[in-house]
Amino acid sequence: MVEQLPQDVIARLRALDSAITPELAQASWTLLTPFHEKLGYTAPQIVRDLRYGEHARHRLDVHAGGEPSGGSTDDHGAPVFVFVHGGGFVRGDKHQPGSPAYDLVGAWAVRHGWVGVNMTYRYAPEVQWPAGAEDVAAAVAWLRGNVAGYGGDPDRIVVAGNSAGAVHVADFVAGHGGDLAGIRGAALISGIYTARPAAPGAPSHPYYGDAASDPATASLPCLVESHVPLLFAVAERDPERFQTAAAEAVAAWAARHGTVPNLVWIEGHNHMSAIGSLGVDEAALGVPLARFVERHTGLFGLGRSHDRD
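Computed from a predicted structure; not experimentally measured. (Residues numbered from 1 in each chain as written. Predicted model: local features only at pLDDT ≥ 70, side-chain atom pairs only at ≥ 80, totals over all residues. Heavy atoms only, no water.)

K.L.:
I would appreciate a short explanation of the sheet that holds strand E2 (residues 59–64) in the present structure.
P.N.:
If you trace the 8 strands from one edge of the open sheet to the other, you get E1-E2-E4-E3-E5-E6-E7-E8, paired in mixed fashion. Edge positions in the sheet fall to strand E1 (45–51) and strand E8 (263–270), since each of these pairs with one other strand and no more. Here the average twist between neighbouring strands, direction ignored, is 20°. Sheet topology places E2 next to strand E4 (residues 115–119); 4 bridges connect them, and they run antiparallel. Residue pairing across strands places His-63 opposite Gly-116, the latter belonging to E4. Along the sheet face, helix H3 (residues 103–111) touches E1, E2, strand E3 (78–84) and E4 and points at about 160° away from the line of E4. (Pairing = 2+ DSSP bridges. Helix = DSSP H or I, 4+ residues; strand = E, 2+ residues; numbered from the N terminus. Axes fitted to C-alpha atoms, helices over the stretch in contact; angles between N-to-C directions. Contact = heavy atoms within 4.5 Å.)

Here it is as structure tokens:
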């Protein structure tokens, strides 16, 4: 049976102001946390703060179902699901002690028989575009060399990101980060994939700086040409700019391929609760996301591109 939240909880999530604020985050997690505590939001094994680079924020956690196996690609380890958190390019983390955020993603992956990975990355304004894509690429490179020791298959990696994390994943897939070997799919949840012209008189964007309106910072033109299978998602209560970004992705994809992309509308959820729905409200995002991962990491039929599922 697919886990679903009670309708009164969905109604309360829908009633929250959609603006991305600390109050929205607090209210959303207050509603969701009891359900994650009941389900359990930690994998049997979590190895924290593995270093994938030199910077202090070049860290990732590996979530697995048991002791490290020492497996290899010869015995076809499990698919690897990598999650890149959001935070407006300037904050956020892969793990918040005492909260399901974002250990729940690793636990969700392990329940599906995969290895889960939560990573963090450098913040703006210390770094600027395309540093996020470079960090995703560095984490993926580390996983190619090391994830077999945790039971994962380095040739079957799916990378997912939410909000700023979706932007970093999109830029990585668009070719701004590095090698895409082993990447079997990318899930882009509540991201923006076009250039961002600043309003007159507005301060420079902390991540894009003076390049905010430069078409080179837009990932969408490359995404529609990518051989990597993609899933786009937007929450019902995402603010308007994210709805517009999803519509732009649909239009660009249709213009290039004559069809719509794999797009999930995360019913009942907001910008903060969309990822929090995994496990406890599976019909919203978890079911289509798991189907996407399974389809593109199966040992048979690898390498297909532009499948809608």
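That shown, we press on.
K.L.:
Is there a simple way to think about the pairing of strand E7 (residues 230–237) in this case?
P.N.:
A regular strand places its side chains on the two faces of the sheet in alternate fashion. Of all 8 residues making up E7, 6 are buried, and the element is well covered by its neighbours. With 4 bridges connecting them, strand E6 (residues 183–189) and E7 associate as parallel partners. Note on E7: the bridge partner recorded for Leu-188 is Phe-232. As judged from the 5 bridges shared by E7 and E8, these two strands associate in the parallel manner. Residue pairing across strands places Arg-237 opposite Asn-270, the latter belonging to E8. (Buried < 20%, exposed > 50% of the residue type's maximum accessible area, 1.4 Å probe, protein only.)

K.L.:
Sorry if this is basic, but what is going on with the side chain of Glu-282 here?
P.N.:
Mapped onto the elements, Glu-282 comes out in the loop between helix H8 (273–276) and helix H9 (286–297). With no salt bridge to any partner, buried Glu-282 finds its closest opposite charge in Arg-111, at an N-O distance of 6.4 Å. A distance of 3.1 Å separates a polar atom in the side chain of Glu-282 from a polar atom in the side chain of Trp-108. Apart from residues no more than four positions distant in its own chain, Glu-282 is found in contact with Val-2, Glu-3, Trp-108, His-112, Ser-277, Val-287 and Pro-288. (Lys, Arg positive; Asp, Glu negative; His and termini not counted. Salt bridge = Lys/Arg side-chain N within 4 Å of Asp/Glu carboxyl O. Polar contact = N/O pair within 3.5 Å; in protein donor to acceptor, adjacent residues only side chain to side chain.)

K.L.:
What is the right way to read the packing of aromatic side chains from this model?
P.N.:
The relative placement of two aromatic rings is captured by the distance of their centres and the angle of their planes. Using the criterion set out here, one finds 11 aromatic pairs in the structure. Through successive ring pairs, a cluster of aromatic residues spans Trp-29, Phe-83 and Tyr-102. (Phe/Tyr/Trp six-rings, centres within 6.5 Å; stacked < 30°, edge-to-face > 60°.)

K.L.:
In this structure, what is going on with the pattern of salt bridges? I would like to understand it.
P.N.:
Note on pairing: side chains with opposite charge can pair once their charged atoms come close. Tallying each qualifying case throughout the model produces 13 salt bridges. For the salt bridge of Asp-49 with Lys-94, the shortest nitrogen-to-oxygen distance reads 2.8 Å. Of this pair, Asp-49 sits in strand E1 while Lys-94 is found in the loop between E3 and H3, placing the two residues 45 residues apart along the sequence. Judged by relative accessible area, Asp-49 falls into the partly exposed class, the value being 38%. Look at Lys-94 and you get buried, because its relative accessible area is 3%. Among the salt bridges present, the one from Asp-93 reaches Arg-59, with a minimum N-O distance of 3.9 Å. Taken together, the positions of Asp-93 in the loop between E3 and H3 and Arg-59 in strand E2 put the pair 34 residues apart, joining distant regions of the chain. Taking the relative accessible area as the measure of exposure, Arg-59 reaches 17% and is therefore buried.

Any functional reading would require information beyond the geometric quantities listed.
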